[in-house]
Amino acid sequence: AQSVTQPDIHITVSEGASLELRCNYSYGATPYLFWYVQSPGQGLQLLLKYFSGDTLVQGIKGFEAEFKRSQSSFNLRKPSVHWSDAAEYFCAVGAGYGQNFVFGPGTRLSVLP
Amino acid sequence: DSGVTQTPKHLITATGQRVTLRCSPRSGDLSVYWYQQSLDQGLQFLIQYYNGEERAKGNILERFSAQQFPDLHSELNLSSLELGDSALYFCASSTGRESSGELFFGEGSRLTVL
């Protein structure tokens, strides 16, 4: 079965600084990979997804993620963080047919003014 | 707005009671998923329905049950409630039968068991 780890429980960055949130997955084949964001009191919203092809994927709100098969990673990046990016970020892996999403434990992002 | 509607938004009840959470998926979506989010367990997949039929089952307790109706809305029934069932329950929907697509989440139903 697939699994996801997000090593950082909580990250604090200053507004305007760059951001990288780490995600590692475990799955025997090429997985479907996702990053979701959850703002306080809200449901989860998809930021970006990787199915195949170009390993660098662009998402909404200026986020991007890179799939690295050799490292089983799918890290999320943003060059310049805005205060509104403060939220909980979840990495998820879907194994395709017959399987379901597995979400990582989440990383809470705080942004300092 | 994801297009997924969940009711009620907040619910407070006592141990031993039974509650029903309701979800209306996005227009055109045939799959409905239920997730439980708690501080100690994170986001846990409970169950998926596709076009009225159970498609996949996750860590759903026997005290919990769900169904999807012909109009595609879904209900999650939680019975013999315990303090540990206090959590945020999310419904999500997607277009297809398989889980490889994007999920659209509702805003959740926060259940507090006293």
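Here the structure is shown first, and the text comes after it.
Residues numbered from 1 in each chain as written. Chains lettered and ligands numbered in written order. Predicted model: local features only at pLDDT ≥ 70, side-chain atom pairs only at ≥ 80, totals over all residues. Heavy atoms only, no water.

Within chain B, the regular secondary structure consists of zero helices and eleven strands. Start at the N end of chain B and walk to the C end: the helices and strands fall as β-β-β-β-β-β-β-β-β-β-β. Rg of the C-alpha trace for chain B: 13 Å, near the compact-globule value of 13 Å for 114 residues, within the 12% margin. Dimensions of chain B along its principal axes, counting C-alpha atoms only, are 35 × 30 × 25 Å. Every one of the 114 residues in chain B was classed for burial, and the buried ones make up 51%. At a minimum sequence separation of 6, the contacts of chain B that also span at least 24 residues come to 56%. When the 9 positive and 13 negative side-chain charges of chain B are each reduced to one mean point, those points stand 1 Å apart. (Helix = DSSP H or I, 4+ residues; strand = E, 2+ residues; numbered from the N terminus. Rg over C-alpha atoms; globule rule 2.2 N^0.38 Å. Buried < 20%, exposed > 50% of the residue type's maximum accessible area, 1.4 Å probe, protein only. Contact = heavy atoms within 4.5 Å. Lys, Arg positive; Asp, Glu negative; His and termini not counted. Charge placed at Lys NZ, Arg CZ, Asp CG, Glu CD.)

To continue, consider the environment of Ala-92 of chain A. All names here are of chain A. The topology assignment puts Ala-92 in strand S10 (residues 87–94). With relative accessibility at 0%, the residue Ala-92 sits in the buried group. When the C-alpha atoms of Ala-92 and Leu-109 are compared, they prove to be 17 Å apart, with 17 residues separating the residues in sequence. Other than its neighbours up to four places away in sequence, Ala-92 contacts Val-4, Tyr-32, Leu-33, Phe-34, Phe-101, Val-102 and Phe-103.

Residues and elements named next belong to chain A. Across all of its chains, the model carries two disulfides over all chains by this definition. Covalent S-S linkage joins Cys-23 and Cys-91, the inter-sulfur distance amounting to 1.9 Å. Disulfide Cys-23-Cys-91: torsion about the S-S bond near -65°, hence left-handed. Of the two residues, Cys-23 is situated in the loop between strand S3 (19–21) and strand S4 (24–26) and Cys-91 in strand S10; the sequence distance between them amounts to 68 residues. The residues Cys-23 and Cys-91 share a single accessibility class, namely buried. (Disulfide = S-S within 2.5 Å.)

Bringing the sheet that holds strand S7 (residues 64–68) of chain B into the picture now. Residue and element names in this part refer to chain B. Read across the open sheet, the four strands follow the order S1-S3-S8-S7; overall the sheet is antiparallel. The sheet is open, and its two edges are formed by strand S1 (5–7) and S7, each paired on a single side. Adjacent strand axes in the sheet meet at a mean angle of 15° when their direction is disregarded. Here S1 runs beside strand S3 (residues 19–24); their pairing, made up of three bridges, is antiparallel. Bridged to Thr-7 within S3 is Arg-22. (Pairing = 2+ DSSP bridges. Axes fitted to C-alpha atoms, helices over the stretch in contact; angles between N-to-C directions.)

This part covers the pairing of strand S11 (residues 109–113) of chain B. Residue and element names in this part refer to chain B. On S11, burial follows the alternation: Ser-109, Leu-111 and Val-113 on one face are buried, whereas Arg-110 and Thr-112 on the facing-out side are not. Where strand S2 (residues 10–13) lies against S11, four bridges are found, and the strand directions are parallel. Paired with Thr-13 across the strands is Val-113, a residue of S11. With three bridges connecting them, strand S9 (residues 87–94) and S11 associate as antiparallel partners. By the bridge assignment for S11, Tyr-89 is matched with Ser-109.

Looking now at the nonpolar core. Generally speaking, nonpolar side chains in soluble globular proteins are found buried as a group. In this structure, Leu-19, Trp-35, Leu-47, Leu-48, Phe-74, Leu-76 and Tyr-89 of chain A are the most contacted members of the largest nonpolar core, which totals 26 residues. Residue assignment for this core shows that the elements contributing at least two residues are strand S2 (10–14), S3, strand S5 (32–38), strand S6 (44–50), strand S8 (64–68), strand S9 (73–78), S10 and strand S12 (107–112) of chain A. The dominant element in this core, judged by the number of residues it contributes, is S10 of chain A, at four residues. Setting aside its immediate chain neighbours within four residues, Leu-19 of chain A contacts Ile-11, Val-13, Phe-63, Leu-76, Arg-77, Lys-78, Val-81 and Leu-109 of chain A. Counting 21 residues, the second-largest nonpolar core is a separate cluster that includes Val-4, Leu-21, Leu-78 and Phe-104 of chain B. (Core = buried A, V, L, I, M, F, W, Y, C linked by side-chain atoms within 4.5 Å.)

This brings us to the environment of Arg-69 of chain A. Residue and element names in this part refer to chain A. Note that Arg-69 resides in the loop between S8 and S9. Between the alpha carbons of Arg-69 and Pro-31 there is a distance of 9.7 Å; along the sequence they are 38 residues apart. Residue contacts for Arg-69: discarding those within four places in its chain leaves Tyr-25 and Thr-30.

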